[in-house]
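Here is what each chain is made of, one letter per residue.
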Amino acid sequence: MKKLNIGIDAHALTNVIGLAFDDMEDPVLYGKVSADLNCTVDAIRRILKKYDLKKEDVKICYEAGPTGFVLARRLIKLGFDCIVVAPSLIAKKPGEKKKTDRRDARKLANYLRANDLTAVHIPDVDDEVIRDVCRGRTDASQELSRTKKQLKSFLLRNGYKYKGKANWSNAHMRYLRELVMAHPSQKLVLEEYIQRIDALEEQIKRIEDQMATLLETWQRKPLVAALMGFRGFKLVAAMVTVSEIGYFSRFKHPKQLMAYLGLIPSEASSGETRRMGSITKCGNGHARWMLVECAGHYKLPPKISKALSVRQEGLNRDVLALSWRTQNRLSKRWFKLMIKNKNVNKIRTAVARELVSFIWELALLIEGQQTPCASNAVEA
């Protein structure tokens, strides 16, 4: 029985489909269809009917991108063998200067036939919903930061500088609201900045409340609660980390997770010369950013603060012991790198890389008590 490999070059409006049979030399182009889910599924069914094939005889793939995982979930639910592949790991010939949708579709089908593609993890629907909410909170937070910088620049241009102790405190906001500008139009601009800041702060609060509500029914809640027992991880940081990475058990070793997050050094070695460069910054940039931010808390000596002790209430002894071991190890690591006069950003990144291994150990401890869903069988 002949086997068929289908490569889909997915876009927002259309999908281009390429076919590669096991008994054919060159892949062929099937055609272009609408990116609508039903239209794409109907096209695949027509292909099966045309070549008298069953679902078991077909393998399907498309590149990870802005179209998400909806198509893959639909095909897997219908019984098809479908994977989403990493675009950055698809081989490319140096002399190949032409790139079209038709060529990409045929190339995907050909590489799928040769088993030369790397599949990415397909998250659960619940995980992706929470990840979207967490990313919405990050977008609002970044917009708030930009607005505050714009306001400070506006005041600096006009000769105003706050002399209080802390920016954006209640006292600072009162100062801004009572500030008298030289021209009424400038006062209008100041009020618009203040209104925007207030609106964004309320938006962040609403999203955080929604995150707390979703957490109550999320199957990953035990891991989030355990991760909040680590120094530097509150609700937002823990939910972002868990929702972005998904099931940690799909990584056989913490080094694989470090590579997935782009925290390992790049390398350009040849012969007897070994050159190590900056981190690769591959993979999930959102999770990497959050972990690097959390790593900054380990520059202080190990301590169970009042806030941390509250978050650790109800956690088992294994989690508490791992949390304390993490603090001791990473604080010691930070101090050793600091006395070597390393750049603070390099120290933070190195500590974040080691923090990943402790989080991986924690996740395996928690996930070992749970039964993963079938949809999480796809490896990164």
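Residues numbered from 1 in each chain as written. Predicted model: local features only at pLDDT ≥ 70, side-chain atom pairs only at ≥ 80, totals over all residues. Heavy atoms only, no water.

Looking at the overall build of the protein chain
Piece 1. When its secondary structure is counted, the protein chain shows 13 helices and 7 strands.
Piece 2. Along the three orthogonal principal directions, the C-alpha set of the protein chain runs to about 75 × 55 × 50 Å.
Piece 3. Within the protein chain, buried positions represent 42% of all 380 residues.
Piece 4. When contacts within the protein chain are restricted to residue pairs at least 6 apart in sequence, those whose partners lie at least 24 apart make up 64%.
Piece 5. Counting every atom, the protein chain has about 21400 Å² of accessible surface; 52% of that belongs to carbon and sulfur.
Piece 6. Averaging the locations of the 66 positively and 42 negatively charged side chains of the protein chain gives two centres separated by 8 Å. (Helix = DSSP H or I, 4+ residues; strand = E, 2+ residues; numbered from the N terminus. Buried < 20%, exposed > 50% of the residue type's maximum accessible area, 1.4 Å probe, protein only. Contact = heavy atoms within 4.5 Å. Areas by Shrake-Rupley, 256 points an atom, 1.4 Å probe, with all protein chains shown as cover. Lys, Arg positive; Asp, Glu negative; His and termini not counted. Charge placed at Lys NZ, Arg CZ, Asp CG, Glu CD.)

Here's the deal with the confidence of the model for the protein chain
Piece 1. Mean pLDDT over the protein chain: 93, with 97% of residues reaching 70 or higher.
Piece 2. Confidence drops under a pLDDT of 50 for residues 371-380, and excluding neighbours within four residues, the segment shows 23 contacts in the predicted structure. (pLDDT = per-residue confidence, 0-100.)

Regarding helix 6 (residues 184-215)
Piece 1. An ideal rise of 1.5 Å per residue puts 46 Å on 32 residues; helix 6 measures up with 47 Å between its terminal C-alpha atoms.
Piece 2. Among the residues making up helix 6, those that are buried are Leu190, Tyr193, Ile194, Ile197, Leu200, Ile204, Ile207, Met211 and Leu215.
Piece 3. Considering only its buried residues, helix 6 is in contact with helix 4 (125-157), helix 5 (170-177), helix 7 (221-227) and helix 8 (235-245). (Expected span 1.5 Å × (residues − 1).)

Some points on a nonpolar patch on the surface
Piece 1. Taken together, the side chains of Phe335, Met338 and Ile339 define a hydrophobic patch exposed on the protein surface, amounting to about 320 Å² of accessible area.
Piece 2. For Met338, the position within the fold is in helix 12 (residues 317-339).
Piece 3. For Met338, a relative accessible area of 43% puts it in the partly exposed group. (Patch = residues over 30% accessible without salt bridge, like charges linked within 9 Å, V, L, I, M, F, W, Y side chains within 5 Å. Salt bridge = Lys/Arg side-chain N within 4 Å of Asp/Glu carboxyl O.)

Some thoughts on the nonpolar core
Proteins that are soluble and globular tend to have nonpolar side chains buried together.
Piece 1. Judged by nonpolar contacts, the single largest core of 52 residues is most densely connected at Phe233 and Leu362.
Piece 2. Those elements that place two or more of their residues in this core are helix 4, helix 6, helix 7, helix 8, helix 9 (254-260), helix 10 (285-295), helix 12 and helix 13 (344-367).
Piece 3. Per-element accounting of this core gives the leading share, 12 residues, to helix 13.
Piece 4. What Phe233 contacts, discounting residues up to four positions off in sequence, is Leu227, Met228, Ala238, Thr241, Leu291, Cys294, Arg311, Leu355 and Ile359.
Piece 5. In terms of nonpolar packing, the next biggest core, distinct from the first, is built from 26 residues, Ile6, Val33, Leu75 and Val84 among them. (Core = buried A, V, L, I, M, F, W, Y, C linked by side-chain atoms within 4.5 Å.)

Here we look at the environment of Thr349
Piece 1. With respect to the helices and strands, Thr349 occurs in helix 13.
Piece 2. Given the relative accessible area of 16%, Thr349 is considered buried.
Piece 3. Spatially, the C-alpha atoms of Thr349 and Asn328 are 17 Å apart, while their sequence positions differ by 21 residues.
Piece 4. Once residues lying within four places of it in the same chain are set aside, the contact partners of Thr349 are Leu263 and Ile279.

Considering the packing of aromatic side chains
Piece 1. Applying the stated criterion to the full structure yields 4 aromatic pairs.
Piece 2. Consider the rings of Phe21 and Tyr51, whose centres lie 4.8 Å apart with planes at 65°: the pair is edge-to-face. Within this pair, whereas Phe21 is found in strand 2 (residues 14-21), its partner Tyr51 is found in the loop between helix 1 (37-50) and strand 4 (58-63), the two being separated by 30 residues in sequence.
Piece 3. When the centroid spacing of 5.3 Å and the interplanar angle of 50° are considered together, the rings of Phe251 and Tyr260 count as tilted.
Piece 4. Residue Tyr260 is classed as partly exposed on the basis of its relative accessible area of 23%.
Piece 5. Positioned above the aromatic ring of Phe80, the side-chain terminus of Lys55 is 5.4 Å from the ring centre. (Phe/Tyr/Trp six-rings, centres within 6.5 Å; stacked < 30°, edge-to-face > 60°. Lys NZ or Arg CZ within 6 Å of the ring centre and 35° of its normal.)

Here's the deal with helix 2 (residues 70-77)
Piece 1. Among the residues making up helix 2, those that are buried are Leu71, Ala72, Arg73 and Leu75.
Piece 2. Buried residues in helix 2 make contact with strand 1 (4-10), strand 2, helix 1, strand 4, strand 5 (81-85) and helix 4.
Piece 3. Just downstream of helix 2 lies Gly79, where phi reads positive at about 100°.

Let's talk about the environment of Leu4
Piece 1. For Leu4, the position within the fold is in strand 1.
Piece 2. On the basis of relative accessibility, which here comes to 1%, the residue Leu4 falls in the buried class.
Piece 3. Placed 314 residues apart in sequence, Leu4 and Asp318 show a C-alpha to C-alpha distance of 49 Å.
Piece 4. Contact partners of Leu4, with chain neighbours within four places excluded, come to Leu19, Ala20, Phe21, Ile47, Leu53, Asp57, Val58 and Lys59.

Quick notes on the pairing of strand 4
Piece 1. Sheet topology places strand 1 next to strand 4; 5 bridges connect them, and they run parallel. Within the sheet, the bridge partner assigned to Ile8 lies in strand 4 and is Tyr62.
Piece 2. With 5 bridges connecting them, strand 4 and strand 5 associate as parallel partners. By the bridge assignment for strand 5, Cys61 is matched with Ile83.
Piece 3. Since strand 4 and strand 5 lie parallel, the crossover through helix 2 that links them has a hand, and here it is right-handed. (Pairing = 2+ DSSP bridges. Right-handed = clockwise from strand over helix to strand, strands pointing away.)

Looking at the side chain of Thr241
Piece 1. Within the fold, Thr241 resides in helix 8.
Piece 2. The buried category is assigned to Thr241, whose relative accessible area is 0%.
Piece 3. Discounting chain neighbours no more than four positions away, the residues touching Thr241 are Leu227, Phe233, Met290 and Leu291.

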